[in-house]
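# Fold and contact review
Chain residues, written in single-letter form:
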Amino acid sequence: QVQLEESGGGLVQAGGSLRLSCVASRRTLSDYVMGWFRQAPGKEREFVGSISRSGGSTQYADSVKGRFTIFRDNGKDTVYLQMNSLKPEDTAFYYCAATGSTMSTLSDRYRYWGQGTQVIVSS
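Residues numbered from 1 in each chain as written. Predicted model: local features only at pLDDT ≥ 70, side-chain atom pairs only at ≥ 80, totals over all residues. Heavy atoms only, no water.

In terms of regular secondary structure, the protein chain is built from 0 helices and 11 strands. Scanning the protein chain from its N terminus toward the C terminus, one meets helices and strands in the order β-β-β-β-β-β-β-β-β-β-β. By the compact-globule yardstick of 14 Å for 123 residues, the protein chain fits well, its C-alpha radius of gyration being 13 Å. Considering only C-alpha atoms, the protein chain reaches an extent of 40 × 25 × 25 Å along its principal axes. (Helix = DSSP H or I, 4+ residues; strand = E, 2+ residues; numbered from the N terminus. Rg over C-alpha atoms; globule rule 2.2 N^0.38 Å.)

What follows is the structure, encoded as structure tokens:
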């Protein structure tokens, strides 16, 4: 099974940018559709975006569309979440997830999860 590890979180001011990385091990990342989800304190986990195996297709939550970009480098077994124009409401733990199925916005479709990386956006 694939193992996932996120990095790149931190504290940033509103309007700033961060790039999260998710590195896969034990299995080739290109075998999986990848998703990014986030969970803020006291809230349910929510879909951020997903990317197809080739990287040719992406989908985003309305709340991040136009600000966040997902891309992947299968040669490095890494998927990225570029976050621009960050807002305080983007503060959350961010998780990458992998599925052997099709692209989905539903968290229960993703079988493998990383431990998460925290993003804090100050106003």
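Take the pattern of salt bridges next. Inspection of every chain in the model, using the stated rule, returns 5 salt bridges. Across the salt bridge formed by E46 and R38, the nearest N and O atoms sit 2.5 Å from each other. For R38, a relative accessible area of 5% translates into the label buried. Several salt bridges converge on common partners, so that one network encompasses R38, E46, R67 and D90. (Salt bridge = Lys/Arg side-chain N within 4 Å of Asp/Glu carboxyl O. Buried < 20%, exposed > 50% of the residue type's maximum accessible area, 1.4 Å probe, protein only.)

This part covers the packing of aromatic side chains. All chains considered together, the criterion is met by 6 aromatic pairs. On the numbers, 4.8 Å between centres and 20° between planes, the contact of F71 with Y80 is stacked. By relative accessible area, F71 is classed as partly exposed at 29%. For Y80, a relative accessible area of 15% puts it in the buried group. A centroid spacing of 6.4 Å and a plane angle of 65° characterise the contact between Y110 and W113, whose relative ring orientation is edge-to-face. (Phe/Tyr/Trp six-rings, centres within 6.5 Å; stacked < 30°, edge-to-face > 60°.)

The subject of this paragraph is unusual backbone geometry. A positive phi is found at R26, a non-glycine position, where the angle reads about 75°. As for its placement among the helices and strands, R26 is situated in the loop between β3 (18–25) and β4 (33–39). Classification of R26 by relative accessible area gives exposed; the value is 64%. Of note in this structure, S85 is not a glycine but carries a positive phi near 50°.

Mapped onto the elements, T117 comes out in strand β11 (residues 117–122). A relative accessible area of 11% means that T117 is categorised as buried. Among the polar contacts listed, one links the side chain of T117 to the backbone nitrogen of G9, at a separation of 3.1 Å. In this structure, T117 is in contact with E6, S7, G8, G9, L20, A92, F93 and Y94, ignoring residues within four places of it in sequence. (Polar contact = N/O pair within 3.5 Å; in protein donor to acceptor, adjacent residues only side chain to side chain. Contact = heavy atoms within 4.5 Å.)

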